[in-house]
Amino acid sequence: MSELVNNISIIEEPEETLSMNPRKFILWLFIVSIVMLFAAMTSAYLVRRAEGNWLEYEIPVVFSYSSVVLLISSLTMHWAYTSAKKDNFSSLKTAITITFALGIVFLYMQFQGWVELVKLKVFFVGNPAGSFMYIFTGLHAFHLISGLTVLVFALVASFRLRIHAKSLNQIEIAATYWHFLDILWLYLFFFLVYFH
Amino acid sequence: MATLSTHSATVAHVEEHDHHEPQSFWRTYIFSEDHKTIAKQYLITGILWSIIGISLSVMFRLQLGFPNMKLEFLRPILGGWINEAGKLDQDFYLALVTMHGTIMVFFVLTAGLSGTFSNFLIPLQVGARDMASGFLNMLSYWFFFLAGAIMFVSLFIETGPAAGGWVIYPPLSALPQAHKGSELGMTLWLVSMALFIVSQLLGGINYITTVINLRTRGMSFSKLPLTIWAFFLTAVLGLISFPVLLSAALLLIFDRSFGTSFYLSEIYIKGEALPNVGGSPILFQHLFWFLGHPEVYIVLLPALGMTSEIIATNARKPIFGYRAMIASMMGIAFLAFIVWAHHMFVTGMNPFLGSVFMFLTLIIAVPSAVKAFNYITTLWRGNIRFTPAMLFSIGLVSFFISGGLTGIILGNSALDIQLHDTYFVVAHFHLVMGAASAFGLLAGVYHWFPKMFGRMMNEKLGYIHFWLTFIGIYLVFFPMHYIGIAGFPRRYYAFTSYDFTKNIFADMNSFISLAAIFSFAAQWIFIYNFVHSMFRGKKAPQNPWKSNTLEWTAPIEPGHGNWPGEIPAVYRWPYDYSKPGAKDDFIPQNVPYSQTPESNLPHENELISLEKEIEAQNLNDQFKQPH
Ligand code: HEM
Ligand SMILES: [Cu+2]
């Protein structure tokens, strides 16, 4: 028995306690809270939908295009990250600028999506089916704006050459958050397509 | 302006290591990023809120206990809410109940309790210089402050504060025209709570990060004090459940202010049909209680964690079942997310679903009982020192048991149909949540006051405070069980006009009200003791309770960065009390086994060889001091 105890302690004893950069860790926890926010929203959607009296409508096709745009921006974000890792500053700057621009384009397309919805006579005020659509896209856009803000800081830092192979924390944080926002949107999009 | 650290004249070499330049008054005391200052800010704000919150309850207790009494003397405070006849306004009664609940649950027992002790103890007990992000920590307090300021303002507006109960169920809360308390007061409530949620998330994210990433050398998870385990799990609960409340509140805000129909369906109000279609008020209840049930544990777990620490220290015994305590806290935290519908048994839920939730709910009794028995077995044949903190901790165990038992009754969906929304529920949760957590908070203050302010609180006053409060609380809440079984609904302005309540229990209601006033009065002993000891108390010794945890190795009044020089390394668990063979009846966590050959167990002797390895580890020092 005491041998067993012994072995357990030996395994856990000499482990270093610092496992991750606290800032990155904070980002992950922040992501958890956003996930819960949307998990609550989508479950509310399902619970409400199960009760019937649900407005059926076609999801405007702009949202499919915007999804592609956001997906591409994730790729350029990754390109920015690998460039930073290789100290390739010119492509870092290009990639991060493109990412930022694609983010803006995405927001614009989401707004067009709303315009389309209004044309379809799906309004924010009315059957919750429509209201939820606006809530999902709106809340996601709100978070995307926060992602753009993070990106601006990384953008400025990259133009000041403060991001390089030995100082990757900032771009890693921006990239992780950006990819998360991308995945979050894809989740919402497929959720809406599947359960609309 | 001096930094905090220069106050600790007892530790001569503070200055030479403290590489942070002196900061202005504002940065030191107001917009401080130091976890100890933030903790004190939370504590003092929490105490102020509790005075307000409890005063509100005394006001509505006067109404309930003495329905014919003239309340003119309250007019200077309540103004127009006392009507011409000298009676409490009926709408305002509901506002009082709502504000009391909101303030006590969120501002006092969530922010005041976790905010104070997670902030104060996490860095000191895991051996860190400060929280992972001092800035976010400061933001967390100021978001809370702002939330409080808005809630406070809502008390004074013309239509009065929110009045839909602390659970703010729609449609009442969603329709401004439904009730005075659903107008501006409700809007302010929602804004305030949204800020509050942000504050809790910022705080919780910091607590989790600090516990995981900033433990000192050797402080493995199996050596963490149970306080830290409790704060950690509390923060995880908050991180998962508060965003859900935010969602619920957001949808309610849209319903109120933009005319959406998430929670509203075909509804008539004052003879007029509203345009809303297709919403579901039950949806709100699901979202709310998905937070609401974990919230009760967010309130209770930190109190339980501190109790473990205080009981072990003052029973001079290792905590009984350290691992079982952790496992049951994890069990409770997990189960807390899958029992929410026990608050909704009477919403027309499918009875089969009800029985599933009943089953899950009753399982919580198992880890709860494990914890209760572990406290009792830790006390069993201990060398007990009855300090005020210890008395309050034992009081907590008592409330936890007597309130938990009624939880098992309420958890049965068939019984709950009779008891739901009666005073029985009020009795249940005031004992198990209100009183137990408040006792945890008080125990924590008595126990860690010397570390916070460098002075001791007066013990005699502590004893008087304990006995008056302990007896007072039972006198208030025990009789409520009977009133509840008799079918008295909660949140009623008066019971004088219904046949089934007219002629009964009036005297018991008066008795409860008197007991409530008595208990409230007793709290001023504490307030006096707290304020007086802060300035005039006896100077604290280094380790007043002869405790094992790391905070007592820091200077009596720790400066910025907590330890001058290196952070101590940790070699053993925090509960080596009365170890056979040892010189003293306690061995602090930073004493290596190589220094205690007389008391080591065989396997501990083998750990001596690992000590070098622990010492050589990364210093894990945020302030990056030279080795
Ligand atoms: C054995 C464990 C427990 C069980 C089985 C249990 C069960 C229940 C049930 C079924 C209700 C709903 C009663 C009703 O509204 O009709 C309830 C209410 C409540 N419980 Fe518990 N409970 C337990 C422990 C706790 C603990 C530990 C806390 C807090 C720390 C707590 C806090 C509350 C609160 C605040 C309410 C009332 C909420 C409201 O309606 O305003 N309970 N409990
Ligand atoms: Cu519950």
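Note that the structure is predicted; figures quoted are calculated from it, not measured.

**Things to note about the overall build of chain B**
So, point 1. Looking only at helices and strands, chain B features 19 helices and two strands.
So, point 2. Relative to a compact globule of 627 residues, whose C-alpha radius of gyration would be 25 Å, chain B shows 25 Å and is just as compact.
So, point 3. Dimensions of chain B, computed from C-alpha atoms along their principal axes, come out at roughly 80 × 50 × 45 Å.
So, point 4. Sorting the 627 residues of chain B into buried and exposed places 63% on the buried side.
So, point 5. Of the contacts formed within chain B by residues at least 6 apart in sequence, a portion of 77% connects residues at least 24 apart.
So, point 6. Surface exposure of chain B reaches about 23000 Å², of which carbon and sulfur atoms provide 69%.
So, point 7. Within chain B, one finds 35 positive and 36 negative side-chain charges whose respective centroids are separated by 6 Å.

**Some details on unusual backbone geometry**
All names here are of chain B.
So, point 1. The amide bond that connects P170 to the next residue, P171, takes the cis arrangement and shows omega of 5 degrees.
So, point 2. On the secondary structure map, P171 appears in the loop between helix 6 (134-154) and helix 7 (184-213).
So, point 3. The backbone of R381 shows a phi angle near 55 degrees, a positive value even though the residue is not glycine.
So, point 4. Take R381: it is sitting in the loop between helix 12 (365-379) and helix 13 (388-411).
So, point 5. A relative accessible area of 75% means that R381 is categorised as exposed.
So, point 6. We note that K546 has phi near 50 degrees; this positive angle belongs to a residue other than glycine.
So, point 7. Inspection of the secondary structure puts K546 in the loop between helix 17 (506-536) and helix 18 (602-607).
So, point 8. For K546, a relative accessible area of 40% translates into the label partly exposed.

**Structural notes on the pattern of salt bridges**
Residues and elements named next belong to chain B.
So, point 1. In the structure shown here, the tally under the stated rule is 13 salt bridges over all chains.
So, point 2. Where K180 meets D91, a salt bridge forms, and the shortest distance between an N and an O atom there is 3.9 Å. In this pair, K180 is assigned in the loop between helix 6 and helix 7 and D91 in helix 5 (residues 90-126), connecting sequence segments 89 residues apart.
So, point 3. The salt bridge partner of K583 is E598, with a shortest N-O separation of 3.7 Å. Of this pair, K583 sits in the loop between helix 17 and helix 18 while E598 is found in the loop between helix 17 and helix 18, placing the two residues 15 residues apart along the sequence.
So, point 4. For K583, a relative accessible area of 70% puts it in the exposed group.
So, point 5. The class of E598 is partly exposed, set by a relative accessible area of 37%.
So, point 6. Overlapping salt bridges bring together R572, D576, K579 and E604 as one network.

**Re the side chain of S247(B)**
So, point 1. Tracing the chain through its elements places S247(B) in helix 8 (residues 226-258).
So, point 2. Separated by 3.0 Å, the side chain of S247(B) and the backbone oxygen of L37(A) make a polar contact.
So, point 3. Among all residues touching S247(B), those that are not within four sequence positions of it are L37(A), A40(A), M41(A) and Y263(B).

**Looking at the interface of chain B and chain A**
So, point 1. Contacts between the two partners involve 47 residues from chain B and, on the opposite side, 38 residues from chain A.
So, point 2. Summed over the three residues of chain B that lose the most area to chain A, namely N213(B), F262(B) and Q617(B), the buried surface amounts to 14% of that side.
So, point 3. Counting the contacts that link chain B with chain A gives zero salt bridges.
So, point 4. Along the contact surface separating chain B from chain A lie three residue pairs in polar contact (both at pLDDT 80 or more).
So, point 5. When contributions to the side of chain B that touches chain A are tallied by element, the ones reaching two or more residues are helix 7, helix 8, helix 9 (281-315), helix 18 and helix 19 (611-616) of chain B.
So, point 6. Of all the elements, helix 8 of chain B adds the most residues to the side of chain B that touches chain A, at 10 residues.
So, point 7. The class makeup of the residues in the side of chain B that touches chain A is 24 nonpolar, 17 polar and six charged.

**A look at the nonpolar core**
So, point 1. Among the nonpolar cores identified, the biggest contains 261 residues, and I171(A), F117(B) and F530(B) are the most heavily contacted of them.
So, point 2. Setting aside anything within four residues of it in sequence, one finds F530(B) in contact with L43(B), I44(B), I47(B), V445(B), F449(B), F453(B) and M457(B).

**A word on the coordination of the iron atom of ligand 1**
So, point 1. You will see that the iron atom of ligand 1 has only one donor from the protein, H428(B) (NE2), lying 2.1 Å away.
So, point 2. The metal-metal distance between the iron atom of ligand 1 and the copper ion (ligand 2) is 4.6 Å.

**Overview of the packing of aromatic side chains**
So, point 1. Using the criterion set out here, one finds 80 aromatic pairs over all chains in the structure.
So, point 2. Seen in terms of ring centroids, F191(A) and F195(A) are 4.9 Å apart; in terms of plane orientation they differ by 50 degrees. Their pairing is tilted. Highlighted residues: F191(A) and F195(A), both in helix 6 (residues 169-195), separated by four residues, approximately one helical turn.
So, point 3. Taking the centre distance of 5.7 Å and the plane angle of 85 degrees together, the rings of Y93(B) and Y493(B) count as edge-to-face. In this pair, Y93(B) is assigned in helix 5 and Y493(B) in the loop between helix 16 (459-485) and helix 17, connecting sequence segments 400 residues apart.

**Thoughts on the coordination of the copper ion (ligand 2)**
Between any two of four tetrahedral donors, the ideal angle at the metal is 109.5 degrees; between two of six octahedral donors, it is 90 or 180 degrees.
Residues and elements named next belong to chain B.
So, point 1. Binding of the copper ion (ligand 2) to the protein goes through H293 (ND1), H342 (NE2) and H343 (NE2), at separations of 1.9 to 2.1 Å.
So, point 2. Sequence spacing of the donors to the copper ion (ligand 2): H-x48-H-H.
So, point 3. Assessed through its relative accessible area of 21%, H343 is described here as partly exposed.

**Section: the layout of surface pockets**
Residue and element names in this part refer to chain B.
So, point 1. Of the volumes computed, that of the second largest pocket is approximately 1200 Å³.
So, point 2. Lining the second largest pocket are 48 residues, with H342, H343, L410, H428 and F429 sitting closest to its centre.
So, point 3. When contributions to the lining of the second largest pocket are tallied by element, the ones reaching two or more residues are helix 5, helix 9, helix 11 (351-363), helix 12, helix 13 and helix 15 (423-453).
So, point 4. If you tally residues by element for the lining of the second largest pocket, the top one is helix 13, at eight residues.

**Notes on the site of ligand 1**
Residue and element names in this part refer to chain B.
So, point 1. Within the structure, ligand 1 sits among 21 residues, and W166, D416, H420, H428 and R490 are positioned closest to it.
So, point 2. Taking H420, its side chain carries an N or O atom lying 2.6 Å from an oxygen atom of ligand 1.
So, point 3. Separating a nitrogen atom of ligand 1 from a side-chain N or O atom of H428 is a distance of 2.9 Å.
So, point 4. Among the cavities detected, the one that contains ligand 1 is the second largest pocket.
So, point 5. Taken together, the elements giving at least two residues each to the shell around ligand 1 come down to helix 9, helix 13 and helix 15.
So, point 6. Looking at side-chain class alone, the shell around ligand 1 contains 11 nonpolar, eight polar and two charged residues.

**Quick word on empty space enclosed by the protein**
Residue and element names in this part refer to chain B.
So, point 1. In this structure the tally under the stated criterion is seven cavities of 30 Å³ or more.
So, point 2. Of the pockets and cavities examined, the second largest cavity occupies roughly 120 Å³.
So, point 3. If you trace the second largest cavity, you find 15 residues lining it, with Q200, G204, Y207, T234 and A235 closest to the centre.
So, point 4. The greatest single-element share of the lining of the second largest cavity, amounting to six residues, is contributed by helix 8.
So, point 5. Partitioning the lining of the second largest cavity into residue classes produces eight nonpolar, seven polar and no charged.

**Let's talk about the environment of D87(A)**
Residues and elements named next belong to chain A.
So, point 1. Mapped onto the elements, D87 comes out in the loop between helix 3 (62-85) and helix 4 (89-119).
So, point 2. The spatial distance from the C-alpha of D87 to the C-alpha of A165 is 5.6 Å, given a sequence separation of 78 residues.
So, point 3. In contact with D87, other than residues within four places in its own chain, are H164 and A165.
So, point 4. Among the polar contacts made by the side chain of D87, one reaches the main-chain amide nitrogen of A165 at a distance of 2.8 Å.

The rules we used
- Residues numbered from 1 in each chain as written.
- Chains lettered and ligands numbered in written order.
- Predicted model: local features only at pLDDT ≥ 70, side-chain atom pairs only at ≥ 80, totals over all residues.
- Heavy atoms only, no water.
- Helix = DSSP H or I, 4+ residues; strand = E, 2+ residues; numbered from the N terminus.
- Rg over C-alpha atoms; globule rule 2.2 N^0.38 Å.
- Buried < 20%, exposed > 50% of the residue type's maximum accessible area, 1.4 Å probe, protein only.
- Contact = heavy atoms within 4.5 Å.
- Areas by Shrake-Rupley, 256 points an atom, 1.4 Å probe, with all protein chains shown as cover.
- Lys, Arg positive; Asp, Glu negative; His and termini not counted.
- Charge placed at Lys NZ, Arg CZ, Asp CG, Glu CD.
- Salt bridge = Lys/Arg side-chain N within 4 Å of Asp/Glu carboxyl O.
- Polar contact = N/O pair within 3.5 Å; in protein donor to acceptor, adjacent residues only side chain to side chain.
- Buried area = accessible area lost by both parts, 1.4 Å probe.
- Nonpolar A, V, L, I, M, F, W, Y, C, P; charged D, E, K, R; others polar.
- Core = buried A, V, L, I, M, F, W, Y, C linked by side-chain atoms within 4.5 Å.
- Donors = N, O, S within 2.8 Å, 3.2 Å for Na, K, Ca; no water.
- Phe/Tyr/Trp six-rings, centres within 6.5 Å; stacked < 30°, edge-to-face > 60°.
- 1 Å grid on protein atoms, 1.4 Å probe; cavity = no way out; pocket = protein on both sides within 12 Å on 5 of 7 lines; lining within 4 Å.
- Points joined across faces, edges and corners; volume = space filled by probe spheres on them.
- Near = heavy atom within 4 Å.
- Sits in = over half its atoms within 2 Å of the grid points.

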